[in-house]
Amino acid sequence: MLGCQSGLVSDGADLRASEGYNAEQTDKLFVVDCLLPGQIRKLGSQMTYLSARRPIKTTAADCEIRGGEYVAYDRANYASALRVWLPQAKQGDAQAQVLVGEIYEKGLGGMADPALAAMWYRKAAEQGNSNAQINLGHLYEKGLGVEKNLPEALNWYRKASGLDDTDLQFASITAAQVSAGYEKQLEDLRQTSSSYQKQAETLRQQLNRAQQNYATQQRNLQSLKNKLEDTRKQLQQEKSKSGGDRQLIEKLEQQLKNNQSSYNDQKAALAKMAATMNQQEREQAEISASRLLLDDQKRQLKSKEAEYQDTFIRIKSDMKLIEEKSARAVTTQDKLAVEHLRTRLEAEKADLLAKGQQIKQLKANIGDNEKILASLEQNGQNKITLAQAGIEIIEPDMPALVLTRGIPSYQLRSIAPSKKIIGKVAAVDALKTLTVNGQETRVDQRGIFHSLIPINDELNPVEIVATYKRGNPSIVNFNLLAKSKASTGVEQAPPSRAVSRTYPSVDFGRFYALVIGNQNYAQLPSLSTSVEDAKAVDEILRTRYGYKTTLLINADRHQVMTAFNELRKKLTEKDNLLIYYAGHGEIDKSDQSAYWLPTDAEPDNAANWLSSHSITQFLNIIPARHILVVADSCYSGAMTQTAVARLPEQMAEAKRKKWLQFMVRRKARTVLTSGGVKPVLDTGGGQHSVFAKAFLKVLQNNHGLLEDYELFREVSKQVKQSAALVGFQQLPQYSAMLHAGHEGSPFFFVPSVN
C-alpha cells in the first residue's frame, strides 16, 4: 500500500540529459516568469527606439538564451511574479490579466485573494480568453471570491469550450451526474427526515418527563391540600371546645398559615409548569408543521427540476429535428410541417421558462422556510429582537445590522428592485393587526409574516407595527441600505452519455506518451509493481493506439525534467500527449501541495520532489493540443469537474462529426488519478496495481473512439470493486486541470488496431 503514492520506475543508464544542462542544472528546466529585453524598432526613416520589455512564461534556460531576466528559482514569490505581469495586465493584455488572476488566486507566498482574482479573470474573460473563462467558472463552481453559482460556472465553461455561439451541444460531466445528484438529494432528505424523527423522539421524551413531573407535582399539591384541610379541621375543633388549649390553637393557626402559603406556592408553580408545557407543545407543533412544509417543498423542487431537464432535452431534440426537416423541406406540406414544429418548439421554450421560474420561486421559498425553521428550533434562546418589541426579524440577518446615527441599518448584498422581510410576532393569539410600512400584512398561526420592501433609494426605511387586543403596540424600525451591482445566473445543461465510435475522417493528430515507472528508490521503500505497470502501459499505447512513447524506468528528477523539456521542443499544436506516472507521491503538510517523488527523492526534503504545480506550469507551455495526465499516485493540483465537455449521445451523426472536428481544435488538460490524496494500493491486480490493471483492461477492450471521462468511469468502477475485495477503499478521480491552458475539450483515445 502506498501512502498517497503509486509505483515508480528507472534504470536511467539510457536516459540523456538536455543539451548543455547536466543534473546540477536541472532547475533551469523549470518554468519561470521571464522578462525578455525590449526590441529595437524603427519609426520612419530617421527614428529608432527601444520597445518595452516583454513578459513570457518559459523555462529558465530558454529565458537565459534569449537574454531575459527572471528571479532565480523563486517561482512562488508573489511580489516578483506580479512585477512581471501587472504592467501588461493594466494595459489590457488578456493573457497577462489571466496570470495576474492566477497569482492572486494561489496567493504565491502571500494571502490568497480570490475576489481580486475574479476581477482580473473577468476582464480577460470578457475579451474572450478561454483560460480566464475556465478560471472564472471554477471560482463560481467553488464559491471562491464570488457567490457559489453552478449555472454561472457552466455558462463560463460553455464559453471557454467555444460552443456558446454554435449549434453544438455542451454537456458537462457535472450535468451528466444530475440524476445521481437527485438520488443524493433524496438520500439527504431521508437522512434529514431520520434526524427530524430522532429530534421529535427526544422532544417527546422530554415532554413525557415533564408530564410525569407535572403529575408528581399535582400529587404533591393534593397532599398539601389535604394537610391544609386537616389542620383547618383540628383548629376548628380546638376552638369549639370550652376552655381550649390556647398554645395549641396558636400553633395550629401558624401551621395553617404555613400550609396555606406552601399550597399557594405549589399551585402557582404547577400553573407555570402547565403554561410552559402548553407553550412547548405549541412550539413543537409549529416546528413539525414547518418541517413538513419544507420536506414537501423539497420534493416539489426535485420533481420540477426533473421536469425541467426533460423539457430541455425535448427542446434540443426538436431543434435537431427542425434543422434536419428544414434542410429537406421542398413541398408546401413539408414547410408547413416545419412551421408546426417551430410552433411546438416555441411552446416548449415557454414551458421551460415557466418551469425555470417555478424552480426559482421554490428555491426561494425553501430558503425562507429553512430560516424560519432554524429560528423556531432556537426555542426562544439567543433570538435577535429589536426595541424589546416582541418582534423577531428572521430575514435579513439581524446580527448583520450596523449601528448608525439613529436607527440600525442593514447593508444589502446585491442590487434588486425589492427585499423580502421575514419576521415572527410573539403573542400571536392576542395580535390584532400587523403593518409593514403602513401596509397590513398577514400573519400565520405560527406568528410568521412576509413582506416585500421596494428598494428605491440609497436608504430605505422599514417600520413594523404590531397592535394587540389589549395593551400598547409594538414597533420595530430599521433601514435597508442599497448596493450598486447585481449578479445573474443561467440554466444548467441537461445530462447526456457519450458513445464510443470510430470517425476515421476526423483528424485527431499524432499521439505521444511519456510513461514513468519508479520502483527502486535510493532512500525510500521500494515498490512492487510500478515497473511492470509502466512497461505494460507503454506497450498497449504503442501497439494498439499507435503512440510514439518515451519510457522512463526508475528515473531521477533530472531525467524526468529532461524528458518534459524534449517533449516541449518536439510537440506541435496538432499533437496529443499522455503522461503516465506510477511511483511514490507525497503531500507537503505545510501547504497541502502534492508531489511526485523521483528515485533520488529524500524523505522530508522536497529539494528533488516534483510538485503538481511545476508539472501544471510545464503543461501550460507545451504546445500539444490535448494532454492527459494519468497518475497512479497523488495529483491534487487545482482541478474542476464541470469544465470538461462530453460527447453528447443524442446527436445526429453529421453533427457528432462536427462536434468532434470542433473539439480536436480546443485544448484539453485533464488528469486521471488512482485515488486522490489518500493511500492507494501498490498490488491487488496480479503483477499490476489495481488501478493499472483496470486502466489496461479498459484500453484493451476498447474498439472505438473513447473519451477520457468514459475511461475514468470504467476504471473507477473496477478499482472500487477490486479494492473492496481486500477490505480497502480506493476512489479514482478525474478532472480538468486549472491554470494549464484547458479549454473544455476531453482527451480522445483512438485505437489504430481493432
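All of the points below concern the structure found in this document. Worth saying up front: this structure is predicted, and the values here are computed from it rather than measured. (Residues numbered from 1 in each chain as written. Predicted model: local features only at pLDDT ≥ 70, side-chain atom pairs only at ≥ 80, totals over all residues. Heavy atoms only, no water.)

## Remarks on the packing of aromatic side chains
- Considering all chains together, one arrives at 13 aromatic pairs under this definition.
- Here Phe747 and Phe749 contribute two aromatic rings whose centre-to-centre distance is 5.3 Å and whose plane-to-plane angle is 65°, an arrangement assigned as edge-to-face.
- Looking at Phe747, the relative accessible area reads 0%, which means it is buried.
- Relative accessible area serves as the criterion here: at 0%, Phe749 is assigned to the buried category.
- In textbook terms, an aromatic cluster arises when at least three aromatic residues are bridged by ring pairs, as seen for Phe511, Tyr545, Tyr547, Phe747 and Phe749.
- The ring centre of Trp120 lies 5.8 Å from the NZ or CZ of Lys123, which sits over that ring.
- A cation over an aromatic ring shows up here: Lys159 above the ring of Trp156, its NZ or CZ 5.9 Å from the ring centre. (Phe/Tyr/Trp six-rings, centres within 6.5 Å; stacked < 30°, edge-to-face > 60°. Buried < 20%, exposed > 50% of the residue type's maximum accessible area, 1.4 Å probe, protein only. Lys NZ or Arg CZ within 6 Å of the ring centre and 35° of its normal.)

## A word on the sheet that holds strand β11 (residues 448–454)
- Overall, antiparallel pairing links the 3 strands, which are arranged β6-β8-β11 in an open sheet. Bordering the open sheet on either side are β6 (391–395) and β11, each of which pairs with just one other strand. Within the sheet, the average angular offset between the axes of one strand and its neighbour, ignoring direction, is 30°.
- In terms of strand pairing, strand β8 (residues 418–425) meets β11 through 7 bridges, oriented antiparallel. (Pairing = 2+ DSSP bridges. Helix = DSSP H or I, 4+ residues; strand = E, 2+ residues; numbered from the N terminus. Axes fitted to C-alpha atoms, helices over the stretch in contact; angles between N-to-C directions.)

## Topic: the pattern of salt bridges
- Evaluated as defined, the whole model comprises 10 salt bridges.
- Asp351 is paired through a salt bridge with Lys355; the nearest N and O atoms lie 2.6 Å apart. With Asp351 and Lys355 both in helix α9 (residues 332–377) and 4 residues apart, this pair spans about one turn of that helix.
- Judged by its relative accessible area of 28%, Asp351 falls in the partly exposed class.
- Relative accessible area serves as the criterion here: at 11%, Lys355 is assigned to the buried category.
- Where Arg510 meets Asp575, a salt bridge forms, and the shortest distance between an N and an O atom there is 2.9 Å. Placement of the pair is Arg510 in the loop between β13 (474–481) and β14 (511–517) and Asp575 in the loop between α11 (557–570) and β16 (576–582), with a sequence separation of 65 residues. (Salt bridge = Lys/Arg side-chain N within 4 Å of Asp/Glu carboxyl O.)

## Topic: the state of the cysteines
- Evaluation of the coordinates by the stated rule reveals 1 disulfide.
- Covalently, Cys34 is tied to Cys63 through a disulfide, its sulfur atoms 2.0 Å apart. Across the S-S bond linking Cys34 and Cys63, the dihedral sits near 80°, which makes this disulfide right-handed. Linking Cys34 in strand β1 (residues 31–36) with Cys63 in helix α1 (residues 60–65), this pair joins segments that are 29 residues apart in sequence. (Disulfide = S-S within 2.5 Å.)

## Let's talk about the nonpolar core
- Formed by 43 residues in total, the largest nonpolar core has its most connected members in Leu578, Tyr580 and Phe749.
- At the level of elements, β14, α10 (530–543), β16, β20 (626–632), α13 (653–663), α14 (690–701), α15 (708–725) and β28 (748–749) are the ones that each hand at least two residues to this core.
- It is α14 that contributes the most residues to this core, 8 residues altogether.
- Leaving out residues up to four positions away in the same chain, Leu578 has contacts with Tyr512, Ala513, Leu514, Leu541, Tyr547, Leu628, Val630, Phe747 and Phe749.
- With 38 residues, the next largest nonpolar core counts Met561, Leu577, Leu619 and Ala631 among its residues. (Core = buried A, V, L, I, M, F, W, Y, C linked by side-chain atoms within 4.5 Å. Contact = heavy atoms within 4.5 Å.)

## Here we look at the side chain of Glu105
- Looking at the element boundaries, Glu105 is found in helix α3 (residues 94–106).
- A polar contact is formed between the side chain of Glu105 and the side chain of Tyr121, at a distance of 2.6 Å. (Polar contact = N/O pair within 3.5 Å; in protein donor to acceptor, adjacent residues only side chain to side chain.)

## Section: the environment of Asn456
- Of note, Asn456 is situated in the loop between β11 and β12 (459–468).
- The class of Asn456 is exposed, set by a relative accessible area of 62%.
- Distance from Asn456 to Ala416, taken between C-alpha atoms, is 9.5 Å for residues 40 residues apart in sequence.

## Re the environment of Ala740
- Residue placement: Ala740 occurs in the loop between β27 (733–737) and β28.
- A residue is classified by how much of its surface remains accessible, and Ala740, at 0% relative accessible area, is buried.
- Apart from the residues within four sequence positions on either side, Ala740 is in contact with Thr616, Leu619, Asn620 and Arg669.

## A few points about helix α5 (residues 130–142)
- With 13 residues, α5 ought to run about 18 Å at 1.5 Å a step, and its terminal C-alpha atoms sit 18 Å apart, in line with that.
- Counting buried positions over the 13 residues of α5 gives 12, a clear majority of the element.
- The set of residues buried in α5 consists of Ser130, Asn131, Ala132, Gln133, Ile134, Asn135, Leu136, Gly137, His138, Leu139, Tyr140 and Glu141.
- A side-chain oxygen of the first residue of α5 lies 3.0 Å from the backbone nitrogen of Asn131; this N-cap is Asn129.
- Gly143 sits one or two positions beyond α5 and adopts a positive phi of about 70°. (Expected span 1.5 Å × (residues − 1).)

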